[in-house]
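Okay, here's what each chain looks like letter by letter:
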Amino acid sequence: MTSLSTILIVVGLFLLGGVYSFVKQKQSRSLIVLLSIGSAMCLVAGIMRLDVWS
């Protein structure tokens, strides 16, 4: 299950980079909020699935 955790964390960081990029480009707020929520969910799910927490 560690590989799934790694994938979730990488996807979360990728989405977080997208949020940063969209904020710099002054994109719509709804898109930024949607990406922020998705990023947070992926990061939290990845961290919670790590073997360290079990």
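Just above sits the structure.
Residues numbered from 1 in each chain as written. Predicted model: local features only at pLDDT ≥ 70, side-chain atom pairs only at ≥ 80, totals over all residues. Heavy atoms only, no water.

### Observations concerning the environment of L16
Put simply, the test is: Counting from the N terminus, the helices are DSSP H or I runs at least four residues long and the strands are E runs at least two residues long. Buried residues are those whose accessible area, probed at 1.4 Å on protein chains only, stays under 20% of the maximum for their type, while exposed residues exceed 50% and partly exposed ones sit between those limits.
Assignment of secondary structure puts L16 in helix α1 (residues 2-24). The exposure class of L16 is partly exposed, given its relative accessible area of 43%. With 27 residues separating them along the chain, L16 and L43 place their C-alpha atoms 9.4 Å apart.

### What about unusual backbone geometry?
Residues apart from glycine generally show negative phi values, whereas peptide bonds are mostly found in trans. A positive phi angle is found at K26, which is not glycine, with a value near 60°. With respect to the helices and strands, K26 occurs in the loop between α1 and α2 (29-48).

### Details of the side chain of S39
Inclusion rule: Think of a polar contact as two N or O atoms within 3.5 Å of one another; within protein, one of them needs to be a possible hydrogen donor and the other a possible acceptor, and neighboring residues in sequence only count if both atoms come from side chains. Contacts were defined at the residue level, with two residues in contact if any of their heavy atoms lie within 4.5 Å.
With respect to the helices, strands and loops of the structure, S39 is situated in helix α2. Here G12 takes part through its backbone oxygen, which lies 2.9 Å from a polar atom of the side chain of S39. Those residues within four positions of S39 in sequence are excluded, and the remaining contacts are G12, L15 and L16.

### Details of the side chain of S5
Mapped onto the secondary structure, S5 falls in helix α1. A relative accessible area of 0% places S5 in the buried class. Once residues lying within four places of it in the same chain are set aside, the contact partners of S5 are G46, R49 and L50.

From the geometry alone we can't say anything about function, so treat these as descriptive.
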